[in-house]
Amino acid sequence: MEEVVASPREWIDRNESAKTMLARVLTARPLLLLPPLHRVPLRVGNVVELVGTSPSAKTHILIQAAVSCVLPKEWNGVHYGGLDRLVMFIDLDCRFDILRLSKMLKHRINGESNGSLKKIDQEHMDFDLWNNDTKKSPTYDEELYSLCMRRFLFIRCYDSFQFLATLKTLNYRIRKEQELHGISVHILMIDSIGAFHWIDRASTFMPLGATNRKTPSLQTVSETVVQEIRKLLLLHPMLVIATKATIFGDRYSMETKRNLGKLDTSNSRSMSSTSLQLPYREYMPSVWQTFVTHRVLVGASDDPFIRTNDGDCSLYFSEWLLPPQSFVDKFIVKEAGVFMVP
Amino acid sequence: MAPLKYLEQEYPILDSNFQNFCATHGIFSGPFPPSNFSRIYSPILTPSFTFLGVRFAPILLLFWRCSLFDCSELKDTRRKHMKFRALHKKTEDQEDLLLHDLHVLVAFAEQQSTSERLKQGITQVLSIIDGQHQPWLNGMELLEDAQLNKHVLSTGCEGIDLLLEGGLRMGQLTELVGASSSGKTQVCLLATSNVAKKHMGGVVYLDTGNSFSPQRVIDFIRQNSDPAIDQAKHRILQKVMNRILCHSVFDIFTMFDVLHQLEVNLRSQMQKGDCQVRLLIVDSISSLVTPILGGGGSQGHALMASAGFLLKKLAHEHNLVVLVTNHTVGGEGGISKPALGESWKSIPHVRLRLSHDQGSSIYNVSVFKHPSMVSGKAARFTIYD
């Protein structure tokens, strides 16, 4: 540090044009402008929780974010608007489908970006106008494709202990990958955080042979997970996105559905705002809940189909719970990814 | 027994000095008095342990979580009892290391006079931990595995195959949801015959309600075979039927036994390379799981989740198609709902809903959930009588 900035005076005196500052700020803290995550600016160090019943396109949103993250900003003169960074994906549900990611990436490379994304990109692109380059039309590029695929790093865990082992050694792994790729990790994805909830909860009641032993339980596992991620974020500033499936069924889910249905048809909070408690039951230990900085609720709407040019699609909605926002976004999932609908 | 003792046997660097160091920082497997041990574990060490039910489920769970351990070995002798204890202690040591903050250890090691050796010990510990998770793969490696090993198997049921763009994918858990007589078992039997005949793959069929019908499978095999000389036909039929293995399973504990045994067999089969098992069917998983749910405890749910993870693990690691069925029960307002509900929902990759109009031979199938497909897509098919 001392070599770079010789004295405080020099540091204060240093001039920076708005252009270089903006460029610096945008590379240091790239925004994640992806529906439905675009409503609130997300920075590294944030912990975002995507909560919803299954299926509610949670993993799709993760994949879409991953594709945007691994794509370069520009490649051979074509603007892709990616973040040019690595993604680490921890699959606890064991349901990840690489073919889906591959398909979505190909769509993005082929330039079939979606309507609303284009609109948001427009704002983003204003920053790029200083480049003043002539925009080439994107074509499929095998080299770009394999570059992006290699930037996506994946691991599958079959139980909490594998998950903990992964987190404990993640620091070393990230360092290795960063050396290999020459770029840093931007997003750590966990799909989904509550996967081992029942198993861990049952082992809480395990007979205690010794009182002085830290026994594996829901509480200790969550504590360790949060502790490890917190330490990791100090060493490697990343955005953490975790999905969480709602697991309490029966009456709760029926009520949820009704509430959500109301929410969806009314399109304003006026009707449902009377019952403002969470539309699902929280089950993660408080240590995790307080760790989460942003929370988005996603779900499938009651009227599931909408007709588009290329067939029927399921309609989903998303709503920010933390920080609370007063609007409900609607989106559909198509071949090319997640699309906002008015 | 001193903490970390069992790890020391394998890794000499984790010597008594290192163990003391860990102990002073709270990483400690407390002594496990033998009397206490046998009191807690003796019920499950007897052959009748499967009948003890839910109360001992958490202890059983511990066994399933410890992948080194095979449940069926438990049933015999003291020697194995001891072996289990060693394994258990070792796992316990490893769990201790996982649950504690190793950063603190590193920081303290810096200040110690013998820090070089302690640091080596910590490095050793980290490499032990590093061996406990699955390998990291990048997108290209994953894709390569998917393209090389995760093929699509046709079920022989045209409607379903068209709907799923080819059929059931290896490495995935597919679930059929439907009321009774909606064609779930028929689809299972059809898929069995098709995989055994057309794909020349082995089929393991876990039958929970005595609904497996060999005659029906033979009918399906005969139905789409070319007319040939009876003698040759008979030999082919025998060969195909030999690939199908049916187990009667009436409780979830037996299912775990069978699946663990299957895992062991699949591992040794990989080296030998004879007739590859391609399809694993549990018809129906809901009838095994529903009896252990309820009662307010979480053990039933834990067993269900463990079953789901075990099935998915088998599917991924041995490139199997796993097909399970889930019956429906009457829900609120007379609308039927799947017997395995909210918590099960997030387990399978693909959920298909089957229904059947009374009096017609047409079955309907629709996609509930699919990793790469729009849910709600539907198709119709008929099953030959």
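An unreviewed UniProt entry annotates chain B as DNA repair protein RAD51 homolog 4 isoform X1 of Juglans regia. On record in UniProt, under Subcellular location (unreviewed entry), the comment for chain B is "Nucleus". Turning to chain B, the UniProt annotation filed under Sequence similarities (unreviewed entry) states: "Belongs to the RecA family. RAD51 subfamily."

Where an unreviewed UniProt entry is consulted, chain A appears under the name RecA family profile 1 domain-containing protein, with the organism given as Juglans regia.

Student: Which parts of the structure should I look at to understand the overall build of chain A?
Tutor: A count of helical and extended segments in chain A gives twelve helices and eleven strands. For chain A, the proportion of its 342 residues judged to be buried stands at 44%. Partitioning the contacts of chain A with sequence separation of at least 6, the portion at a separation of at least 24 is 73%.

Student: Would you take a moment to explain the overall build of chain B for this structure?
Tutor: For chain B, the helix and strand inventory stands at 16 helices and twelve strands. A buried classification covers 43% of the 385 residues belonging to chain B. Contacts in chain B between residues far apart in sequence, at least 24 positions, make up 68% of those at least 6 positions apart.

Student: I keep staring at unusual backbone geometry and nothing clicks. Help me out?
Tutor: A negative phi holds for most residues other than glycine; trans holds for most peptide bonds. Residue and element names in this part refer to chain A. The linkage connecting Ser 54 with the following residue, Pro 55, adopts the cis geometry, with an omega of 0 degrees. Among the structural elements, Pro 55 can be located in the loop between β1 (47-52) and α3 (58-70). A cis geometry characterises the amide bond from Asp 191 onward to Ser 192, with omega recorded as -5 degrees. The residue Ser 192 is located in the loop between β6 (185-191) and α9 (197-203) in this model. With a phi angle near 50 degrees, Asn 76 is a residue other than glycine that sits in the positive phi range. In this fold, Asn 76 is placed in the loop between β2 (74-75) and β3 (78-79). A residue is classified by how many C-beta atoms lie within 10 Å of it, and Asn 76, with 11 of them, is exposed.

Student: Whenever I open this one, the packing of helix α6 (residues 102-111) of chain B against helix α7 (residues 115-130) of chain B confuses me. Can you help?
Tutor: All names here are of chain B. Remark: α6 packs on α7, axes separated minimally by 9 Å, with the N-to-C direction vectors making an angle of 160 degrees. Classified by the angle their axes make, α6 and α7 are roughly antiparallel. As α6 runs across α7, the sense of the crossing is left-handed. Contacts between α6 and α7 involve Leu 102, Leu 105, Val 106, Ala 109 and Glu 110 from the former and Ser 115, Leu 118, Lys 119, Ile 122 and Val 125 from the latter. In the contact of α6 with α7, the residues fall into seven nonpolar, one polar and two charged.

Student: I tried to follow the nonpolar core on my own but got confused; where do I start?
Tutor: Inside soluble globular proteins, nonpolar side chains tend to come together where they are buried. Residues Ala 66, Val 87 and Met 189 of chain A are the most contacted members of the largest nonpolar core, which totals 167 residues. If you tally residues by element for this core, the top one is helix α15 (residues 299-318) of chain B, at ten residues. Dropping the residues within four chain positions of it, Ala 66 of chain A is found in contact with Val 87, Phe 89, Leu 101, Phe 152, Ile 187 and Met 189 of chain A.

Student: Sorry if this is basic, but what is going on with the environment of Arg 267 of chain B here?
Tutor: All names here are of chain B. Mapping Arg 267 onto the fold places it in helix α13 (residues 252-272). For Arg 267, a count of 11 C-beta atoms within 10 Å puts it in the exposed group. Linking Arg 267 and His 318, residues 51 residues apart in sequence, is a C-alpha distance of 8.1 Å.

Student: Whenever I open this one, the pairing of strand β11 (residues 362-369) of chain B confuses me. Can you help?
Tutor: Working note: regular strand, side chains alternate between the two faces of the sheet. All names here are of chain B. Sheet topology places strand β10 (residues 350-356) next to β11; six bridges connect them, and they run antiparallel. The residue of β11 that forms the bridge with Arg 353 is Ser 366. What sits between the antiparallel neighbours β10 and β11 is a turn of five residues, in which Gly 359 has the positive phi angle 85 degrees. Bridge count between β11 and strand β12 (residues 378-382): five bridges; the pairing is antiparallel. Within β12, the residue paired with Asn 364 across the bridge is Arg 380.

Student: Before we go on, may I ask you to explain the packing of α3 of chain A against helix α4 (residues 98-109) of chain A in this structure?
Tutor: To characterise two packed helices, one gives the angle between the axes of the helices and the distance between these axes. Residues and elements named next belong to chain A. Two elements in contact, α3 and α4, have axes whose closest approach is 10 Å; the angle formed by their N-to-C orientations is 50 degrees. Between α3 and α4, the angle falls in the class oblique. α3 and α4 meet at a crossing whose hand is right-handed. The segment α3 lies against α4, with Ile 63, Gln 64, Ala 66 and Val 67 engaging Arg 100, Leu 101, Met 104, Leu 105 and Arg 108. When the residues that make up the contact of α3 with α4 are grouped by side-chain class, the tally is six nonpolar, one polar and two charged.

Student: Got a minute to help me understand α3 of chain A in this structure?
Tutor: Residues spaced three or four apart along an α-helix point in a common direction, a consequence of the helix completing one turn every 3.6 residues. Between the first and last C-alpha of α3 of chain A there are 19 Å, a value that for 13 residues agrees with the 18 Å anticipated at 1.5 Å per step. Where burial is concerned, most of α3 of chain A is hidden: 13 out of the 13 residues are buried.

Student: Got a minute to help me understand the environment of Leu 71 of chain A in this structure?
Tutor: Among the secondary structure elements, Leu 71 of chain A is positioned in the loop between α3 and β2. Separated by 38 residues in sequence, Leu 71 of chain A and Ile 109 of chain A have C-alpha atoms that sit 8.5 Å apart.

Student: Help me understand the confidence of the model for chain B, please; the structure alone is not making it clear to me.
Tutor: For residues with low pLDDT, the predicted coordinates do not support detailed interpretation. In the predicted model, chain B carries a mean pLDDT of 78, and 79% of its residues have values of at least 70. Across residues 29-77 of chain B, where pLDDT falls below 50, the model places 72 contacts with residues more than four positions away in sequence or in other chains.

Student: Just to check I follow, could you spell out helix α11 (residues 214-223) of chain B for this structure?
Tutor: Residues and elements named next belong to chain B. Those residues of α11 that sit buried are Val 217, Phe 220 and Ile 221. Across the axial projection of α11, the buried residues extend over an arc of 100 degrees, all falling on one side. Of the exposed residues in α11, the ones pointing more than 90 degrees away from its buried face are Gln 215 and Gln 223.

Student: What should I look at first to understand the confidence of the model for chain A in this one?
Tutor: Residues and elements named next belong to chain A. Averaged over all residues, the pLDDT of chain A is 76; the fraction at 70 or higher stands at 69%. pLDDT under 50 marks residues 113-135. Its contacts with residues more than four places away, or in other chains, come to 21 contacts. In the model, residues 249-277 has pLDDT below 50 throughout and makes 28 contacts with residues more than four positions away in sequence or in other chains.

Student: It is not clear to me how the environment of Val 47 of chain A should be interpreted in this structure. Could you clarify?
Tutor: All names here are of chain A. Within the secondary structure, Val 47 sits in strand β1. For the pair Val 47 and Met 189, spaced 142 residues apart in sequence, the C-alpha separation works out to 9.9 Å. Beyond its immediate chain neighbours, meaning those up to four positions away, Val 47 contacts Val 240, Phe 291, Val 292 and Thr 293.

What counts and what doesn't
- Residues numbered from 1 in each chain as written.
- Chains lettered and ligands numbered in written order.
- Predicted model: local features only at pLDDT ≥ 70, side-chain atom pairs only at ≥ 80, totals over all residues.
- UniProt positions renumbered as here; feature names shortened; annotations may be inferred.
- Helix = DSSP H or I, 4+ residues; strand = E, 2+ residues; numbered from the N terminus.
- Buried ≥ 20, exposed ≤ 12 C-beta atoms within 10 Å, placed from the backbone.
- Contact = placed C-beta atoms within 7 Å.
- Axes fitted to C-alpha atoms, helices over the stretch in contact; angles between N-to-C directions.
- Parallel < 35°, antiparallel > 145°, perpendicular 65-115°, else oblique.
- Left-handed = near helix turned anticlockwise from the far one by under 90°.
- Nonpolar A, V, L, I, M, F, W, Y, C, P; charged D, E, K, R; others polar.
- Core = buried A, V, L, I, M, F, W, Y, C linked by C-beta atoms within 7 Å.
- Pairing = 2+ DSSP bridges.
- Expected span 1.5 Å × (residues − 1).
- pLDDT = per-residue confidence, 0-100.
- Arc of directions from axis to C-beta.

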